[in-house]
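Summary of the model geometry
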Amino acid sequence: MPLVLGKDCTITVGTFIANGIVKDVSWAGAAKKVEFQPFGQRAIYSHTCGYSLSADVTCNEDPGMQAVLISGAKVSVTSASGWSGTFVVTNVTRSEPLDGLVTATVSLELAQA
């Protein structure tokens, strides 16, 4: 089985491709559900009605990235493990340590393509 690394993730915003700068990718998926209780019964049932998918991507700062990775931007993400989709940027947090690399953590949520 091949080794899958977070650095192999690719983020595309229009013509800008952030490739080789990604350090870490975290994915989270959740089923959305509706609970219902038929009249006269004590049991509560769940029915799935969709799902949500979010991701946090930590990457080294890139001069071209600051202009395009802003809250509200739509991006395409393809991870080395096969996850891919169109996401909307919900938050960008930058870390500028005194003696280290400038990094950005980008929070994403699944968006309609």
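Everything numeric here is computed off the predicted structure, so don't read it as measured data. (Residues numbered from 1 in each chain as written. Predicted model: local features only at pLDDT ≥ 70, side-chain atom pairs only at ≥ 80, totals over all residues. Heavy atoms only, no water.)

**A look at the side chain of S107**
- Relative to the helices and strands, S107 is located in strand β7 (residues 103-110).
- Given a relative accessible area of 18%, S107 falls into the buried group.
- Polar contacts involving the side chain of S107 include one to the side chain of D56, which spans 2.9 Å.
- Filtering out sequence-adjacent residues up to four positions away, S107 remains in contact with A55, D56, V88, V89, T90 and N91. (Helix = DSSP H or I, 4+ residues; strand = E, 2+ residues; numbered from the N terminus. Buried < 20%, exposed > 50% of the residue type's maximum accessible area, 1.4 Å probe, protein only. Polar contact = N/O pair within 3.5 Å; in protein donor to acceptor, adjacent residues only side chain to side chain. Contact = heavy atoms within 4.5 Å.)

**Here we look at the side chain of T103**
- Within the element layout of this structure, T103 appears in strand β7.
- On the basis of relative accessibility, which here comes to 12%, the residue T103 falls in the buried class.
- The contacts of T103, once residues within four sequence positions are left out, are K23, C59, N60, E61, T93, R94 and S95.

**Some remarks on the pairing of strand β6 (residues 84-95)**
- For strand β5 (residues 74-78) and β6, the ladder comprises five bridges, and the chain directions are antiparallel. Bridge pairing in β6 links S76 to T86.
- Between β5 and β6, which pair antiparallel and follow one another directly, the connecting turn spans five residues, one of which, G82, has a positive phi of 105°.
- Sheet analysis places β6 next to β7, joined by eight bridges and oriented antiparallel. Looking at the pairing, V89 lines up with L108 of β7. (Pairing = 2+ DSSP bridges.)

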